[in-house]
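Residue strings, one per chain:
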Amino acid sequence: MAAPILQLTSLSPTKPNTETPRYEATLALEPLPYLLSLIPKCTSLRELKQIQAYTIKSHLQNDVNVLTKVINFCTSNPTTASMDHAHRAFDQITQPDIVLFNTMARGYARFDDPLRAILMFSQVFCSGLLPDDYTFSSLLKACARVKALQEGKQLHCLSVKLGFSDNIYVCPTLINMYTACKDIDAPRRVFDKIDEPCVVSYNAIITSYARNSQPNEALALFRELQETGLKPTDVTMLVVLSSCALLGSLDLGRWIHEYVKKNGLDQYVKVNTALIDMYAKCGSLDDAVSVFREMPRRDTQAWSAMIVAYATHGHGSQAISMLEEMKKGKVKPDEITFLGILYACSHNGLVEEGFEYFHSMTHEYGIVPSIKHYGCMVDLLGRAGRLGAAYKFIDELPIKPTPILWRTLLSACSSQGNVEMGKQVIQRIFELDDSHGGDYVILSNLYARAGRWDDVNYLRKMMIDKGAVKIPGCSSIEVNNVVHEFFSGEGVHSTSTILHHALDELVKELKLAGYVADTSLVFHADIEDEEKEIILRYHSEKLAITFGLLNTPPGTTIRVVKNLRVCGDCHNAAKFISLIFGRQIILRDVQRFHHFKDGKCSCGDYW
């Protein structure tokens, strides 16, 4: 039998001794304070139970102070065993106060079974125990974790009834709960009812807008926060920087960087990591590298952010070198690190290297691949033209494939022009989800390129019957701190504006330089090539780039963000524009960055 970890049973000496042992004397005089001091020092549940065994010997097993210490210990790092043990200790207390319940609720809220906190609350509330502000905070966090909107609304009503509707602890957690439950309007209603919002409340509502992909509203609230005289925190800056990244607003991001430095917030590793991410997503890889190199301390997240930045900008070799540098520095990579590496391999055609890193992730670091890692591997094989291997890879996964995995393969089928494989893949997609408009569009375009117009018409009719909607292409560009958005098709039937006239003239110049519109990308059988050219001309990318040419000084880099994958014709046109006008164009699409310079793209036409 293994020896006990804490030798409490050996406090009595085995050899005769004229003096009373020090520990036994302490217990004899004041056993309760001594035992209470031991409980927080435990390193495991087993040690805790040994101490509790001695409380039974000392007739202190039902002492409220002992049970409270036991509950505090068990809920500090909650597990199934520790929370069950804490619950048993809680049930031993005949009249628990609200503070003790809050401790239990906080433990359950942080654990894998947060709904038990709500069930437990219903019992204690029925017994006459009234909640306080900490109670609502813990329970609302539990609701947020499991997306329990109805329970959250009930708690909201109870908080109003008991006078906590304007509480500085309750309001932020209410906002977070509604945000997590995807109730878009409720967070603002909660915030607007606060008479004097604190910075925590501002952080909650700014985060809510950012998570709901409303970066402009998030940034507007950040400006409002500054006007109130409240001082933003590191949490504020993390959300604001993520909003800039979402918008691709580099000028604003640089201003916020200066604000961060001025207010000493650059001491936080997470803020610097957010700066790296912001600069990378706004198209300024040099700024991202500069922030990374100047960081006095770097953790795994900072290294991973830099690796992802290199990967999305098409610098696969630098991303891999960064991983090796990271290993030499004894920094352990995580799942995000490997996402960046696999992405780099995928977009640089490094199939063998990608598989090596994929296997090392599990075998060397014990990281279980997520659906995103599997998606990178499917993309890696698909881009390399190994569609059969990609199909087999998905079919043999240890987890159930999601529609996203099959969609990744469908996109590869489209790129490779493989109609038959595309048909097989879309059947697998429709078994899981037949409401995504993009699936119909990809296969329809694949059919159109093969001249199978009957199949095209059938798919489009099916798309209408299913109510599937095609997402319109949208591109944005920031000029003079204002973000301008353009949608594909704007101006197809009108060229009266200065922008559209300029775009018409631009296309004429491009044609003189050798540009030829790729009308094969317009999948309509019943229109002439001239009309197809007009459709291509008014794609959102070309509108945004033309706006940049008109409204920025010569030589200025043009940065464009698109919500979908860049069109092949627009990709070709951007190369010509960069050559003719001597401009660098940085275009961020849904997959990666394209740096156009001197008639070439950083992707090497492999995207």
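Look above for the structure.
Residues numbered from 1 in each chain as written. Predicted model: local features only at pLDDT ≥ 70, side-chain atom pairs only at ≥ 80, totals over all residues. Heavy atoms only, no water.

Novice: I'd like a rundown of the overall build of the chain, residues and numbers included.
Specialist: Within the chain, the secondary structure is distributed over 31 helices and six strands. In terms of its C-alpha atoms, the chain occupies a principal-axis envelope of roughly 105 × 55 × 55 Å. Taken over 607 residues, the chain has a buried fraction of 51%. Contacts in the chain between residues far apart in sequence, at least 24 positions, make up 63% of those at least 6 positions apart. Of the roughly 30,000 Å² that the chain leaves accessible, carbon and sulfur atoms contribute 53%. For the chain, the centre of its 63 positive side-chain charges and the centre of its 68 negative side-chain charges are spaced 4 Å apart. (Helix = DSSP H or I, 4+ residues; strand = E, 2+ residues; numbered from the N terminus. Buried < 20%, exposed > 50% of the residue type's maximum accessible area, 1.4 Å probe, protein only. Contact = heavy atoms within 4.5 Å. Areas by Shrake-Rupley, 256 points an atom, 1.4 Å probe, with all protein chains shown as cover. Lys, Arg positive; Asp, Glu negative; His and termini not counted. Charge placed at Lys NZ, Arg CZ, Asp CG, Glu CD.)

Novice: Describe the environment of Tyr458, naming the residues involved and giving the relevant values.
Specialist: Structurally, Tyr458 can be placed in helix H27 (residues 453–466). By relative accessible area, which is 54% here, Tyr458 ends up exposed. A sequence separation of 14 residues divides Tyr458 from Ser444, and the C-alpha atoms of the two residues are 9.0 Å apart.

Novice: Account for the nonpolar core, naming residues and giving values.
Specialist: One recurring pattern in soluble globular proteins is that nonpolar side chains are buried together. Counting 159 residues, the largest nonpolar core has Phe101, Met177, Met306, Leu409 and Val425 as its most contacted members. Setting aside residues no more than four positions away along its own chain, Val425 makes contact with Tyr391, Trp406, Leu409, Leu410 and Cys413. Ranked by size, the runner-up nonpolar core spans 32 residues in total, among them Tyr515, Leu536, Phe547 and Leu549. (Core = buried A, V, L, I, M, F, W, Y, C linked by side-chain atoms within 4.5 Å.)

Novice: Explain the side chain of His85 residue by residue, including any values.
Specialist: Along the polypeptide, His85 turns up in helix H5 (residues 80–92). Its relative accessible area of 10% is what places His85 among the buried residues. Excluding anything up to four places from it in sequence, His85 contacts Leu45, Leu48, Lys49, Gln52, Val70 and Cys74.

Novice: Outline the sheet that holds strand E3 (residues 558–562), supporting the account with residue identities and numerical values.
Specialist: The six strands are arranged E2-E1-E3-E4-E5-E6 in an open sheet whose pairing can be described as mixed. At either margin of the open sheet sits one strand with a lone partner, and together these are strand E2 (482–487) and strand E6 (600–601). Note: strand E1 (residues 474–479) against E2, six bridges, orientation antiparallel. What sits directly across from Glu478, in E2, is Val483. (Pairing = 2+ DSSP bridges.)

Novice: So what's going on with the packing of aromatic side chains? Residues and values would help.
Specialist: Here the distance between the centres and the angle between the planes together describe a pair of aromatic rings. Taken as a whole and judged by the stated rule, the model has 17 aromatic pairs. By the ring-pair criterion, three or more aromatic residues cluster together here, those being Phe355, Phe358, Tyr374 and Phe393. For Arg298, the ring lying beneath its charged end belongs to Phe292, and the centroid distance is 4.4 Å. (Phe/Tyr/Trp six-rings, centres within 6.5 Å; stacked < 30°, edge-to-face > 60°. Lys NZ or Arg CZ within 6 Å of the ring centre and 35° of its normal.)

Novice: Could you give me a rundown of the packing of helix H3 (residues 45–57) against H5, with the residues and numbers involved?
Specialist: Two elements in contact, H3 and H5, have axes whose closest approach is 11 Å; the angle formed by their N-to-C orientations is 25°. When the axes of H3 and H5 are compared, the pair comes out roughly parallel. Facing Leu45, Leu48, Lys49 and Gln52 of H3, the residues of H5 in contact are Ala81, Ser82 and His85. (Axes fitted to C-alpha atoms, helices over the stretch in contact; angles between N-to-C directions. Parallel < 35°, antiparallel > 145°, perpendicular 65-115°, else oblique.)

Novice: An account of helix H7 (residues 115–126) is requested, with residue identities and associated values reported.
Specialist: Over its 12 residues, H7 extends 17 Å from the first C-alpha to the last, a length consistent with the 16 Å expected when each residue adds 1.5 Å. Buried residues along H7 sit against H5, helix H6 (98–110), helix H8 (133–145) and helix H9 (149–161). Among the residues trailing H7, Gly128 stands out with phi positive, at a value near 105°. (Expected span 1.5 Å × (residues − 1).)

Novice: Outline the environment of Ile404, listing residues and values.
Specialist: Here Ile404 is to be found in helix H24 (residues 403–416). The spatial distance from the C-alpha of Ile404 to the C-alpha of Thr43 is 43 Å, given a sequence separation of 361 residues.

Novice: Tell me what's going on with the pairing of E3, and back it up with residues and numbers.
Specialist: With four of its five residues buried, E3 lies for the most part within the structure. With three bridges joining them, E1 and E3 adopt antiparallel strand pairing. Looking at the pairing, Ser475 lines up with Lys562 of E3. Here E3 runs beside strand E4 (residues 585–588); their pairing, made up of four bridges, is parallel. Considered in E4, the bridge of Arg559 is made with Ile586.

Novice: Go over the pattern of salt bridges, please, and point to the residues and values.
Specialist: Across all of its chains, the model carries 23 salt bridges by this definition. A salt bridge links Lys461 to Asp465, with the nearest nitrogen and oxygen atoms 3.1 Å apart. Taken as a pair, Lys461 and Asp465 lie in helix H27 at a separation of four residues, close to a single helical turn. The partner of Asp504 in a salt bridge is Arg537, with the nearest N and O atoms 3.0 Å apart. A residue pair is termed long-range when its members are at least 10 positions apart, and Asp504 in helix H28 (residues 498–512) and Arg537 in helix H29 (residues 529–537) qualify at 33 residues. In this pair, the class of Asp504 matches that of Arg537, namely buried. (Salt bridge = Lys/Arg side-chain N within 4 Å of Asp/Glu carboxyl O.)

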